[in-house]
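Structural overview
Below, each chain spelled out in residue letters.
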Amino acid sequence: MADVRDILDIDVPTTTELTKESILGNDKKNRKRYDYNKVPKRPEGMHREVFALLCKDNNDVPPLFPTDTAKGYKQVRAKLGMKKVRPWKWTPFTNPARTDGAVFHHWRRVADAGKEYPFAKFNKKIPIPTYTNAEYVQHLVSNGWTRAETDHLFDLCRRFDLRFIIIKDRWDRAKFPARSVEDLKERQEAVESAGIKFPDFKNSGVTLRSQRIKLPSSLGQKKMKGIEQMLNELRLELNPPPTEQICQQFNELRSDIVLHYELRSALSTCDYELQSLRHQYEALAPGKTLTIPPALLPKTEPEVKADIIDVVGSPSTPSIIH
């Protein structure tokens, strides 16, 4: 275009020099000065975060309640069909957890009539062992506890589900001497751990008497092996004919064997602790010897064959079999 204008002698208009401002434009004049005086100041003592929630730069007041301007349903509407409504009926019911026979009423579907109260499955109870007079005389006699005290303790254990703080609070101090929580726990554990707890088949259905002489799996392999070796020493059958009398007496014999080993283990542990205390006393008081009364020392017993294993021994206690 410049050559054509030179040939035709057309004056070329004067143009300004191309600069960044001429291309992009200068918006300094169009800019508005921000008036800092219009911004409300934060009161003294108010945190900046709290003030930002109350007021913004454009002085918009935040809403007091959350608003939702979206139109339509966020969830799918309920689809009502043309099926027949299931009938309900106001029926009486009893709660198996109650022993007073109270009868209540509630609405229930007719199809569920006759079913057990659905919340009865949450009535969980801790199994508390029971004992007969013969079992108490054979295994549970203690110098510090009477039969009446033991019965009262286990009655409270059943009522309060082994909550020993409550059991101590409800302990009958008018009839029995006061007991601590540790004493109550120790007596309860001693009764539960005495002998072997054989399964009791009282449910409906067909059972075999041979299942009554089967040792429970919770007994442990060491105790089972010890019972087997002791029966071999006594020349008794490991699986005798399961008659009613043999089942009862055979279970009592094996329970006595385990109780015998447990008592020997406890005696050995006490003797070990006495000897440890004697050595500690002699180490702290050189030149002095602590004499243990003969009544506290275990009586010497005839030696037992070495092949009888320690069924209840532990690494922290010495072996009870010599």
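Residues numbered from 1 in each chain as written. Predicted model: local features only at pLDDT ≥ 70, side-chain atom pairs only at ≥ 80, totals over all residues. Heavy atoms only, no water.

Where an unreviewed UniProt entry is consulted, the protein appears under the name DNA methyltransferase 1-associated protein 1, with the organism given as Pogonomyrmex barbatus. What the UniProt record of the protein gives under Subcellular location (unreviewed entry) is the line "Nucleus". (UniProt positions renumbered as here; feature names shortened; annotations may be inferred.)

**A word on the nonpolar core**
Formed by 17 residues in total, the largest nonpolar core has its most connected members in Leu153, Ile167, Trp171 and Leu184. Of all elements in the fold, only helix H4 (133-140), helix H5 (147-160), helix H6 (164-169) and helix H7 (181-192) reach the threshold of two or more residues within this core. Ranked by residues supplied to this core, first place goes to H5 with five residues. Discounting chain neighbours no more than four positions away, the residues touching Trp171 are Trp145, Glu149, His152, Leu153, Leu156, Phe176, Pro177, Ala178, Arg179 and Leu184. Counting residues in hydrophobic clusters, the runner-up holds ten residues, among them Ile227, Leu231, Phe250 and Val258. (Core = buried A, V, L, I, M, F, W, Y, C linked by side-chain atoms within 4.5 Å. Buried < 20%, exposed > 50% of the residue type's maximum accessible area, 1.4 Å probe, protein only. Helix = DSSP H or I, 4+ residues; strand = E, 2+ residues; numbered from the N terminus. Contact = heavy atoms within 4.5 Å.)

**Observations concerning the layout of surface pockets**
By volume, the second largest pocket amounts to about 450 Å³. Lining the second largest pocket are 20 residues, and of these His139, Arg187, Ala190, Val191 and Leu263 lie nearest its centre. Of all the secondary-structure elements, those providing two or more residues to the lining of the second largest pocket are H4, H7 and helix H9 (244-284). When grouped by side-chain class, the residues that make up the lining of the second largest pocket number ten nonpolar, six polar and four charged. When residues of the lining of the second largest pocket are sorted by domain, at least three fall in each of domain 2 (140-194) and domain 3 (208-294). (1 Å grid on protein atoms, 1.4 Å probe; cavity = no way out; pocket = protein on both sides within 12 Å on 5 of 7 lines; lining within 4 Å. Points joined across faces, edges and corners; volume = space filled by probe spheres on them. Nonpolar A, V, L, I, M, F, W, Y, C, P; charged D, E, K, R; others polar. Domains from an automatic or database assignment.)

**A word on the packing of aromatic side chains**
According to the stated counting rule, one finds nine aromatic pairs in the structure shown. A centroid spacing of 4.8 Å and a plane angle of 15 degrees characterise the contact between Phe93 and Tyr117, whose relative ring orientation is stacked. With a gap of 24 residues between them, Phe93 in strand E1 (residues 88-94) and Tyr117 in the loop between strand E2 (103-109) and H4 connect regions that are remote in the sequence. In this pair, the class of Phe93 matches that of Tyr117, namely buried. Aromatic side chains Trp171 and Phe176 sit 5.8 Å apart centroid to centroid with 50 degrees between the ring planes, which places their arrangement in the tilted category. (Phe/Tyr/Trp six-rings, centres within 6.5 Å; stacked < 30°, edge-to-face > 60°.)

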